[in-house]
Amino acid sequence: MPLMSPLPRTGRALAASILLAATGAFGVGAPASAVTAAGGTPTPSTTTAPASASSRPVVGGEALGRPGVIVDRPAGVPAPPAMPCGSWLVADMTTGEVLAAKAPHARFLPASTLKTLAALALIPRVRPEAMVMANREDANADGTRVGIMPGTAYRASTLFQAMLMASANDAVYALASANGGRPHTVGQMNATARHLGALDTFAVDPSGLDGPGETSSAYDLALIGRAAMQLPDFRTYVATKHIKFPGGKDARGRARPAYDIQNHDRLLYNYPGAIGIKNGYTIAAKQTFIGAATRHGHTYLVTQMAGTNGSWRVTAKLLDWAFAYGTRVKPVGTLVEPGAVERKLSQARSGLQVRTLLAGSPADLAAPPLRPWVGGVGLLGAVALVGALATRAIRRTRR
């Protein structure tokens, strides 16, 4: 009885190609949804950065995706002042209307403005009167520190003040430890960002120190800042100019007295009506900022990223423009309400027809009809073809 030889090389290659094609046909025959970046599976987590902006609609309105300065002003209203930064946005914090912006969805490193998102995650979970024991790892944080001492217990409210006023990385790490650890806190931060509709934002460190994949945008910082200002404790912390930070005993047992710490937000000291929020800086991120001011019944919110000038006067000029002309310009977009984007994306993933996704922007993200039989038929046909080719090759070998 003659031995059967293996398929000829060309036959094997052809069979493998057909089988791979069949497998691909089966895989794409039943797409789960047309949405892949803004909320498709898998959902962004502490280890999955958000997808590129090109694969999803513009949150807040399609106009916010246009290049250059975005503003709709009538005759007699001057253009917003030139801003020395990569992106910026100014909005009415009460109504959420975006008055003007430049590259609001461009992604940049957020630096310590990300502590605003950390506060949103931590304030509801760590009671202000709770006592938090400092440990050595948190006390040795990189970057700006307030000087917590290992083995000393601090009130959580005091650590929140140090974190938001003096941008203390050791303070935010201590609060994260009281909340179950840094990775756990980062996961909550990213979940909070998704709930707010801040799809440009991905946190990797609760302090905002630069990390691989960490991003935000001027639009997202506005969403985050606006949401944080709904928390009474947060509003109090960021509007405080200076406090006495408690002393204690250092590693050698020496007593250290209480000392003054000040708010790093210079706008708070110099601009009438300023109510604070958060500034940030690293060499890579450059100057970043979230700020707000209230005058004559209006509150305007300003965000800046990748700035080359850290002076409060730059922000003051944009706020002056907003207070002078904010009621005369036509909004170019809106700050979406918390949960709105999440609900729309959930509907899109479920295959529902979604004609208007965000802020009235036309976007049809309905999933195509599911047709699993298409892939199944393709696979069966491919298997049959591979079998016929194999039989033909075996017969030739036997001859």
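That block above? That's the structure.
Let me sum up the structure you'll find in this document. Nothing here was measured: the structure is a model prediction, and the numbers come from that model.

About the cut-offs
- Residues numbered from 1 in each chain as written.
- Predicted model: local features only at pLDDT ≥ 70, side-chain atom pairs only at ≥ 80, totals over all residues.
- Heavy atoms only, no water.
- Phe/Tyr/Trp six-rings, centres within 6.5 Å; stacked < 30°, edge-to-face > 60°.
- Helix = DSSP H or I, 4+ residues; strand = E, 2+ residues; numbered from the N terminus.
- Buried < 20%, exposed > 50% of the residue type's maximum accessible area, 1.4 Å probe, protein only.
- Salt bridge = Lys/Arg side-chain N within 4 Å of Asp/Glu carboxyl O.
- Polar contact = N/O pair within 3.5 Å; in protein donor to acceptor, adjacent residues only side chain to side chain.
- Contact = heavy atoms within 4.5 Å.

Quick look at the packing of aromatic side chains now. Evaluated as defined, the whole model comprises 5 aromatic pairs. With centroids separated by 5.0 Å and ring planes inclined at 75 degrees, the aromatic side chains of Y300 and F323 adopt a geometry described as edge-to-face. Of this pair, Y300 sits in strand β12 (residues 298–307) while F323 sits in helix α10 (residues 312–325), and the two are 23 residues apart along the sequence. Centre to centre, the rings of W321 and Y325 are 6.4 Å apart; their planes meet at 50 degrees, and the pair counts as tilted. Remark: Y325 and W321 occur in helix α10; sequence separation between them is 4 residues, near one turn of the helix.

Turning to helix α2 (residues 114–122), a few remarks are in order. Counting buried positions along α2 gives 9 out of 9 residues, so the element sits mostly inside the fold. L114, K115, T116, L117, A118, A119, L120, A121 and L122 are the residues of α2 that are buried.

One pass over the structure, following the stated rule, counts 6 salt bridges. Of the charged contacts in the structure, one is a salt bridge between R127 and E129, with a shortest N-O distance of 2.9 Å. Under the relative-accessibility criterion, E129 is labelled partly exposed at 41%. For K244, the salt bridge goes to D260, with nearest N and O atoms at 3.6 Å. Of the two residues, K244 sits in strand β6 (residues 242–245) while D260 sits in strand β9 (residues 259–262), which places them 16 residues apart along the sequence.

Among the secondary structure elements, T240 is positioned in the loop between α8 (232–239) and β6. The exposure class assigned to T240 is buried, which follows from its relative accessible area of 17%. Within polar-contact distance, the side chain of T240 engages the backbone oxygen of T236 at 2.7 Å. Not counting the four nearest positions on each side in its chain, T240 is found in contact with M165, N263 and L268.

Along the chain, N179 falls in the loop between α5 (169–178) and α6 (182–196). A sequence separation of 54 residues divides N179 from R125, and the C-alpha atoms of the two residues are 7.1 Å apart. In this structure, N179 is in contact with L122, R125, V126, H184, T185 and Q188, ignoring residues within four places of it in sequence. At 2.6 Å, the side chain of N179 forms a polar contact with the side chain of Q188.

Everything listed is a geometric property; what it means functionally is a separate question.
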